[in-house]
Amino acid sequence: MSRRRRRHPPGTAPGILTAPAERRVESITIKVIDYNAERYEEAEVATVDETLAHLDRDDSVTWVDITGVHDVEMLAAMGEHLGLHPLALEDVVNTHQRPKLEDYGSHNYVVLRLPRLEGELSSEQYSLFLGRGWVLTFQETAGDPFEAVRDRLRRGRVRIRGAGSDYLAYALIDAVVDAFFPLLEQYGERIETLEDELLDRPERSALQRVHDIKGDLLEIRRATWPLREVINGFERQEVDLISDQTRLFLRDCYDHTVQIMDIVETYRDLSSALTDLYLSSVSNRMNEVMKVLTVIASIFIPLTFLAGIYGMNFNPEVSRYNMPELNWAWGYPVFWVVIVGLAGFMVWLFRRRGWL
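Residues numbered from 1 in each chain as written. Predicted model: local features only at pLDDT ≥ 70, side-chain atom pairs only at ≥ 80, totals over all residues. Heavy atoms only, no water.

What about the pattern of salt bridges?
Any two side chains of opposite charge can pair if their charged atoms end up close together.
Then comes step 1: This model, assessed by the stated rule, comprises 17 salt bridges.
Then comes step 2: Arg39 is the salt-bridge partner of Glu41, the closest N and O atoms lying 3.3 Å from each other.
Then comes step 3: Note on Glu41: relative accessible area 30%, which makes it partly exposed.
Then comes step 4: Notably, a salt bridge pairs Glu219 with Arg222, separated by 2.8 Å at the nearest N-O pair. Within this pair, Glu219 and its partner Arg222 are both found in helix α8 (residues 204-236), separated by three residues, close to a single helical turn.
Then comes step 5: On the basis of relative accessible area, Glu219 is assigned to the buried category, the value being 12%.
Then comes step 6: Salt bridges here are not isolated pairs; linked through shared partners, they connect Glu42, Asp65, Asp144, Glu147, Arg150 and Arg154. (Salt bridge = Lys/Arg side-chain N within 4 Å of Asp/Glu carboxyl O. Buried < 20%, exposed > 50% of the residue type's maximum accessible area, 1.4 Å probe, protein only. Helix = DSSP H or I, 4+ residues; strand = E, 2+ residues; numbered from the N terminus.)

Right, dumping it as structure tokens:
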């Protein structure tokens, strides 16, 4: 995962909008959903003026979802119309922010981060503005976890269609939080697969993948830990734009973040245990190899001893005590019978003792 992001040079004045160096979409896409209990409209608009026309309605909730953060002129125009704080607009463009909640009185600004596993782990920043009667979201790339929220709005679910913009903001935050669970399931499957591999064939490549998983889990933890504080902040800071009824749902969302943190910590412990498992498996494998080699060496020690004795250059003609077996007609066959019999006996003995 690439962690390098362009930041402003030290000493730059705050609130300056600068287009990001990395342009992750070719063109800006603006989708508007305007609804109340009786009416639902969904459209894709092309200009800022069309977007602002929807935001000026007072009898409905308007959700403006913008894909792409490189058009700073469009962002500045919307910020001027809605009275968005310049520091919040700067954070929208600088997509290296950690999850946070900022209360600016007339509106709230929320930063969310959602890791994605597409070959390797990457992270995308979602920016959310909440005002009275409107919600404004920014995302870096197409494809988001909000489709379930859109589907609930299209089907006319009573709770979300009859509630205000604060409930819509909760639903969007909850969608981001729920998107962590499928991601963590993938890491759970990876850890189980690695555990089986390390037990069967501990290889150095598997150890590298363990270290990669540990690094990814650390990134997920960095995205989740402050997210929990963001959700808790809606209740602790007594945000005026959040109703008491919506706070109850946010409390449930907070519980989900706690569950995610527990899963992440559990997986981090398991990944650390996989390193110990690798070392133990390598040590056990080495012990098995050494045991087999020791048994083989033990079998050949007496055979080498006999071969060494009968390989000495004694002359039986000088003395009858100099290798008398050399003059025996059956000396060579008997030697092999003794060698094979001794080796077979030791193999049988080692197998009976469970050493082979």
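Considerations on helix α7 (residues 180-200)
Then comes step 1: Taking 1.5 Å as the rise per residue, α7 with 21 residues should run 30 Å; its terminal C-alpha atoms sit 31 Å apart, in good agreement.
Then comes step 2: Turning to α7, its buried residues number three or more, namely Phe180, Leu183, Leu184, Tyr187, Gly188, Ile191, Leu194, Glu197 and Leu198. (Expected span 1.5 Å × (residues − 1).)

Observations regarding the pairing of strand β7 (residues 134-139)
Then comes step 1: Counting buried residues along β7, six of its six residues qualify, which places the element largely inside the surrounding structure.
Then comes step 2: Of the two faces of β7, both are covered, the one formed by Trp134, Leu136 and Phe138 as well as the one formed by Val135, Thr137 and Gln139.
Then comes step 3: Judged from the six bridges that link them, strand β6 (residues 120-131) and β7 form a sheet pairing that is antiparallel. Across the sheet, Ser127 pairs through a bridge with Phe138, a residue of β7.
Then comes step 4: Between β6 and β7, which follow one another and run antiparallel, lie two residues, and Gly133 among them has a positive phi close to 90°. (Pairing = 2+ DSSP bridges.)

Examining the nonpolar core
Then comes step 1: Ranked by size, the top nonpolar core spans 58 residues in total, and within it Trp63, Val149, Leu168, Tyr187, Ile220 and Phe234 carry the most contacts.
Then comes step 2: If one sorts the elements of this core by residue count, α8 sits on top with eleven residues.
Then comes step 3: Residue contacts for Leu168: discarding those within four places in its chain leaves Tyr35, Val61, Trp63, Val135, Val149 and Leu153.
Then comes step 4: Val32, Tyr109, Trp134 and Phe138 belong to the second-largest nonpolar core, a separate cluster that totals 24 residues. (Core = buried A, V, L, I, M, F, W, Y, C linked by side-chain atoms within 4.5 Å. Contact = heavy atoms within 4.5 Å.)

Topic: the sheet that holds strand β4 (residues 100-103)
Across a sheet, strands are paired by hydrogen bonds formed along the backbone, either parallel or antiparallel in direction.
Then comes step 1: Reading across the sheet, the seven strands line up as β2-β1-β3-β7-β6-β5-β4 and stay open at both edges, with mixed pairing between neighbours. Edge positions in the open sheet fall to β2 (40-45) and β4, since each of these has one partner strand only. Mean inter-strand twist for the sheet, computed between neighbouring axes without regard to direction, equals 15°.
Then comes step 2: When strand β1 (residues 29-35) meets strand β3 (residues 61-67), the two strands line up antiparallel, connected through seven bridges. The partner of Ile33 across the bridge, within β3, is Trp63. (Axes fitted to C-alpha atoms, helices over the stretch in contact; angles between N-to-C directions.)

Some thoughts on the packing of aromatic side chains
Then comes step 1: Inspection of the entire model under this criterion finds ten aromatic pairs.
Then comes step 2: With 6.0 Å between their ring centres and 35° between their planes, Phe345 and Trp348 make a pair best called tilted. Taken together, the residues span about one helical turn, with Phe345 and Trp348 both in helix α10 (residues 331-352) at a distance of three residues.
Then comes step 3: Among the residues examined, Phe345 registers a relative accessible area of 46% and is labelled partly exposed.
Then comes step 4: Among the aromatic residues, those joined into a cluster by ring pairs are Trp63, Tyr126 and Phe146.
Then comes step 5: Cation over ring: Arg190 sits above Tyr187, and NZ or CZ is 5.7 Å from the ring centre.
Then comes step 6: Across from the ring centre of Trp225, 4.9 Å away, lies the NZ or CZ of Arg221, which sits over that ring. (Phe/Tyr/Trp six-rings, centres within 6.5 Å; stacked < 30°, edge-to-face > 60°. Lys NZ or Arg CZ within 6 Å of the ring centre and 35° of its normal.)

Here we look at the packing of α7 against helix α9 (residues 244-310)
Then comes step 1: Running from amino to carboxyl end, α7 crosses α9 at an angle of 15°, the nearest separation of the two axes being 10 Å. Taken together, α7 and α9 sit at an angle that is classed as roughly parallel. Where α7 crosses over α9, the two elements pack in a sense that is left-handed. Contacts between α7 and α9 involve Phe180, Phe181, Leu184, Tyr187, Gly188, Ile191, Leu194, Glu195, Leu198 and Leu199 from the former and His256, Gln259, Ile260, Ile263, Val264, Tyr267, Leu270, Leu274, Leu277, Tyr278 and Ser281 from the latter.
Then comes step 2: When grouped by side-chain class, the residues that make up the contact of α7 with α9 number 16 nonpolar, four polar and one charged. (Parallel < 35°, antiparallel > 145°, perpendicular 65-115°, else oblique. Left-handed = near helix turned anticlockwise from the far one by under 90°. Nonpolar A, V, L, I, M, F, W, Y, C, P; charged D, E, K, R; others polar.)

Comments concerning a negative patch on the surface
Then comes step 1: Residues Glu185, Glu189, Glu192, Glu195, Asp196 and Asp200 make up a contiguous surface patch of negative charge.
Then comes step 2: Looking at the secondary structure, you find Glu195 in helix α7.
Then comes step 3: Owing to a relative accessible area of 36%, Glu195 belongs among the partly exposed residues under this scheme. (Patch = residues over 30% accessible without salt bridge, like charges linked within 9 Å, V, L, I, M, F, W, Y side chains within 5 Å. Areas by Shrake-Rupley, 256 points an atom, 1.4 Å probe, with all protein chains shown as cover. Lys, Arg positive; Asp, Glu negative; His and termini not counted. Charge placed at Lys NZ, Arg CZ, Asp CG, Glu CD.)

So, to be careful, I would describe these as geometric facts and stop short of saying anything about function.
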